[in-house]
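What follows is the residue order along each chain.
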Amino acid sequence: MLNEICDMLDGYTGRDKIIRTLCYTTKLASGLYAQSDPGRAKKLAIFSSKMSQTRATLRLFDDLPMLAYSLSYGCGSKEPDRWMGLIGFVTNLIDHAYYPVDKICWLIEHNLLNVENPTRWDTINSMLWVASIYLNLMNQAFRMLLIKQRMEAISILRLSLDLVHAGSTLPKGMLWGGRFQTWHVGLIGSISSLLGLYQYVAKKRIVKQSS
């Protein structure tokens, strides 16, 4: 457990997840203590706010990594579906618009930039954030749908092979019973078994990626 926590803290993504968790758990605790212990609730709210500010400060350096990712992603030609590629491309554009707006909000918050309507920038920032999450959600849904369709197609093929195999064990005169040679049965069973192994490994990989 200690090694896993240290591995998370060594990288930006893992560290951000820990800071985010601290931010929202203390915000939750602050809300729960609001009536019973206002003093503790205030301290927890301050801690939550500082964690949120830390995340906002770290996001100031996300532009170049995002640019590198967008350049490698391109127009989404590597995606298995053209709609997924299009959604991914648009999501990247929205994220590139989000980061400069987020910086403006950071500058406004720390009184380094004066604007006529600070709330407008916060609203634009939130709208871009919502749009990015929604498109990422849609892309993930498309991805899971494609994976599900592929797995179902493999299941249909595997079960069809099992049906052929099972029918071959019937007495002669019933369906195709007794018509297959030994190597026919071995080939059909081998393909079905390999497909079953592939599904087993693929499902474990999907579960691991989802977690």
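Just so we're clear, the structure is a prediction, and the values are computed from it rather than from any experiment.

Engineer: So what exactly am I meant to see when it comes to the domain arrangement of the chain here?
Structural biologist: Note: interface size is frequently given as the accessible area lost on complex formation between the parts. Domain boundaries in the chain define domain 1 (1–58) and domain 2 (61–209). Between domain 1 and domain 2, the C-alpha centre-to-centre distance is 30 Å. Contacts between the two partners involve 5 residues from domain 1, matched on the other side by 4 residues from domain 2. Carbon and sulfur atoms make up 43% of the surface buried where domain 1 meets domain 2, a total of about 480 Å² over both sides. Here domain 1 and domain 2 share 0 salt bridges between them. Here domain 1 and domain 2 share 3 residue pairs in polar contact (both at pLDDT 80 or more) between them. Residue contributions to the side of domain 1 that touches domain 2 peak at 4 residues, all from helix 3 (residues 38–58).

Engineer: Can you walk me through helix 6 (residues 118–168) in this structure?
Structural biologist: Along an α-helix, residues three or four apart share an orientation, since each turn contains 3.6 residues. For helix 6, spanning 51 residues, the distance from its first C-alpha to its last is 75 Å, which sits close to the expected 75 Å at 1.5 Å a residue. Looking at helix 6, one finds that the buried residues are Asn-125, Leu-128, Ser-132, Leu-135, Asn-139, Ile-147, Met-151, Ile-154, Ser-155, Leu-161, Gly-167 and Ser-168.

Engineer: Explanation requested: the pattern of salt bridges in the structure shown.
Structural biologist: Any two side chains of opposite charge can pair, on the condition that their charged atoms come close. For the structure on display, the rule yields 6 salt bridges. As a salt-bridge pair, Asp-102 and Arg-59 come within 2.8 Å of each other at their nearest N and O atoms. Residue Asp-102 is found in helix 5 (residues 82–109), and its partner Arg-59 is found in the loop between helix 3 and helix 4 (63–73); the two are separated by 43 residues along the sequence. Assigned by exposure class, Asp-102 and Arg-59 land together as buried. Between Arg-143 and Glu-79 there is a salt bridge, and its shortest N-O distance comes to 3.3 Å. With Arg-143 in helix 6 and Glu-79 in the loop between helix 4 and helix 5, the pair connects residues that are 64 residues apart, well separated along the chain. Note on Glu-79: relative accessible area 15%, which makes it buried.

Engineer: Looking at this structure, how should I read the environment of Gln-53?
Structural biologist: Positionally, Gln-53 belongs in helix 3. Put simply, Gln-53 and Asn-136 are 83 residues apart on the chain and 24 Å apart in space, counted from C-alpha to C-alpha.

Engineer: Mind showing me how you'd approach unusual backbone geometry here?
Structural biologist: Negative phi values dominate among residues other than glycine, just as trans dominates among peptide bonds. Positioned with a positive phi, Asn-111 is a non-glycine residue whose angle comes to about 60 degrees. Positionally, Asn-111 belongs in the loop between helix 5 and helix 6. Overall, Asn-111 belongs to the exposed group, its relative accessible area being 66%. At Leu-175, a position not held by glycine, the phi torsion is positive, near 50 degrees. Considering the arrangement of structural elements, one finds Leu-175 in the loop between helix 6 and helix 7 (182–210).

What counts, and at which threshold
Residue numbering note: each chain is counted from 1, following its sequence as written. The predicted origin of the model limits local features to residues at a pLDDT of at least 70 and limits the giving and counting of side-chain atom pairs to 80 or more, whereas totals for whole chains, interfaces and linings rest on all residues. Side-chain measures were taken over the full set of non-hydrogen atoms in the model, leaving aside hydrogen atoms and water. The split of the chain into domains comes from an automatic or database domain assignment. Note on definitions: a residue-residue contact is assigned when non-hydrogen atoms from the two residues lie within 4.5 Å. In this description, buried area is defined as the sum, over both parts, of the accessible area (probe of 1.4 Å) that is lost when the two are combined. We define a salt bridge as a contact between a side-chain nitrogen of Lys or Arg and a carboxyl oxygen of Asp or Glu at a distance within 4 Å. In protein, a polar contact means a hydrogen-donor-capable atom and an acceptor-capable atom, both N or O and within 3.5 Å, with residues adjacent in sequence counting only if both atoms are side-chain atoms; elsewhere, any N or O pair within 3.5 Å suffices. The helix and strand labels rest on DSSP assignments: H or I over at least four residues marks a helix, E over at least two residues marks a strand, and numbering proceeds from the N terminus. Given a helix with a known number of residues, its expected span is that number minus one, times 1.5 Å. Only protein chains enter the accessibility calculation, which uses a 1.4 Å probe. A residue is then buried if its area is under 20% of the maximum for its type, exposed if over 50%, and partly exposed in between.

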